[in-house]
Amino acid sequence: MADDRIELFVGLIETFDAPDTVDACRRLLSVDERGRADRFMFERHQRQYIFAHAMLRLALSHVAPDVAPTDWSFAAGRYGRPFIASPKTSSTLHFSLSHADGCVACVVSGHETVGVDVETVSRRVAPLSTALRFFAPEEVETLRGLPEPAATERFFDYWTLKEAYLKARGFGLNLPLDAFAMQVSREAIEISFKPDIADDPEDWRFSLCSPSPSHRLAIADGSRATGGLPITRNAWPLQEAAE
């Protein structure tokens, strides 16, 4: 079980995108999930949804092998965060799922306060103008002092870290992005909060990685485990999808 670590699953869609794979993954989904996939206007968005939700089912069954990927059932919490409704496992499992153009990722853990976010790094983004609308003043000032392309890269560091934190808290977008600030250095990644936010920066550990040159991925760990939970990275168990 994943009660003492974070299991990270990452897949680059271009490495496995084929009609047979789409069909195999689609068969793993529930009737409701298939209906949601069919409502996407563009086929690439449909495939991305199918791959992401098949990955989640495969990842959960990788951690809890007594449960078949098709047997997982999900519900949504107060702020829309999905959780496992059934079946019950010997140890409670929690997950966070994210997908961006060309990449799908999820984490599975025994701790609820763990979140993941992946974004496509776009050079077309105007980091400073976007940050002025959404980010904390400290983050804006940091971006002002960076040349390109460092400013764009740091912008996506902030964006993915913030989204991962919100997912770990289960808040969705109900907490403004400027209510907390990220500090990123070679030594550490830290978070700070406005005085009215009831959270402790010492409770959080963060990590960043690049699944590809075009993607940035962040994990937020609020488990309070000393030094943070170890992270095990898994390639998407694609063979299991085909069985």
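All of these numbers come straight from a predicted model, not from anything done at the bench. (Residues numbered from 1 in each chain as written. Predicted model: local features only at pLDDT ≥ 70, side-chain atom pairs only at ≥ 80, totals over all residues. Heavy atoms only, no water.)

Asks: What is the right way to read the nonpolar core from this model?
Replies: In summary, soluble globular proteins display a tendency toward joint burial of nonpolar side chains. Among the nonpolar cores identified, the biggest contains 30 residues, and F51, L60, W72, L93, V104, V108 and W236 are the most heavily contacted of them. Where this core is concerned, the elements lending two or more residues are α1 (19-28), α3 (43-63), β4 (94-100) and β5 (103-109). By residue number, the principal contributor to this core is α3, which donates 11 residues. Among all residues touching W236, those that are not within four sequence positions of it are V10, F16, C25, F51, A54, M55 and L58. If you look at the next biggest cluster of nonpolar residues, it comprises 29 residues, including A131, Y165, F171 and F193. (Core = buried A, V, L, I, M, F, W, Y, C linked by side-chain atoms within 4.5 Å. Buried < 20%, exposed > 50% of the residue type's maximum accessible area, 1.4 Å probe, protein only. Helix = DSSP H or I, 4+ residues; strand = E, 2+ residues; numbered from the N terminus. Contact = heavy atoms within 4.5 Å.)

Asks: What exactly am I supposed to notice about the layout of surface pockets here?
Replies: A probe matching the size of a water molecule, rolled over the atoms, marks out where space remains unfilled. The space that makes up the largest pocket amounts to roughly 800 Å³. Along the wall of the largest pocket there are 32 residues; nearest its centre are H53, G80, R81, P82 and L97. Among the elements of the structure, α2 (31-38), α3, β2 (73-76), β4, β6 (114-120) and α6 (150-169) are those that each provide at least two residues to the lining of the largest pocket. Of the residues in the lining of the largest pocket, the class split is 14 nonpolar, 9 polar and 9 charged. The computed volume of the second largest pocket comes to approximately 380 Å³. Around the second largest pocket, the lining comprises 20 residues; the ones closest to its centre are P82, F83, I84, H94 and E112. Looking at the lining of the second largest pocket, the elements with two or more residues in it are β3 (82-86), β4 and α6. Broken down by element, the lining of the second largest pocket gets its largest block of residues, 3 residues, from β3. (1 Å grid on protein atoms, 1.4 Å probe; cavity = no way out; pocket = protein on both sides within 12 Å on 5 of 7 lines; lining within 4 Å. Points joined across faces, edges and corners; volume = space filled by probe spheres on them. Nonpolar A, V, L, I, M, F, W, Y, C, P; charged D, E, K, R; others polar.)

Asks: Honestly, the side chain of R216 in this entry has me stumped. Any pointers?
Replies: With respect to the secondary-structure elements, R216 resides in strand β10 (residues 215-221). The class for R216 is buried, based on a relative accessible area of 19%. A distance of 3.4 Å separates the side chain of R216 from the backbone oxygen of C209, its partner in a polar contact. Within the local environment of R216, its side chain forms a polar contact with the side chain of S210, the two groups lying 2.8 Å apart. Beyond its immediate chain neighbours, meaning those up to four positions away, R216 contacts D117, V118, E119, V121, F156, D157, T160, L208, C209, S210 and P211. (Polar contact = N/O pair within 3.5 Å; in protein donor to acceptor, adjacent residues only side chain to side chain.)

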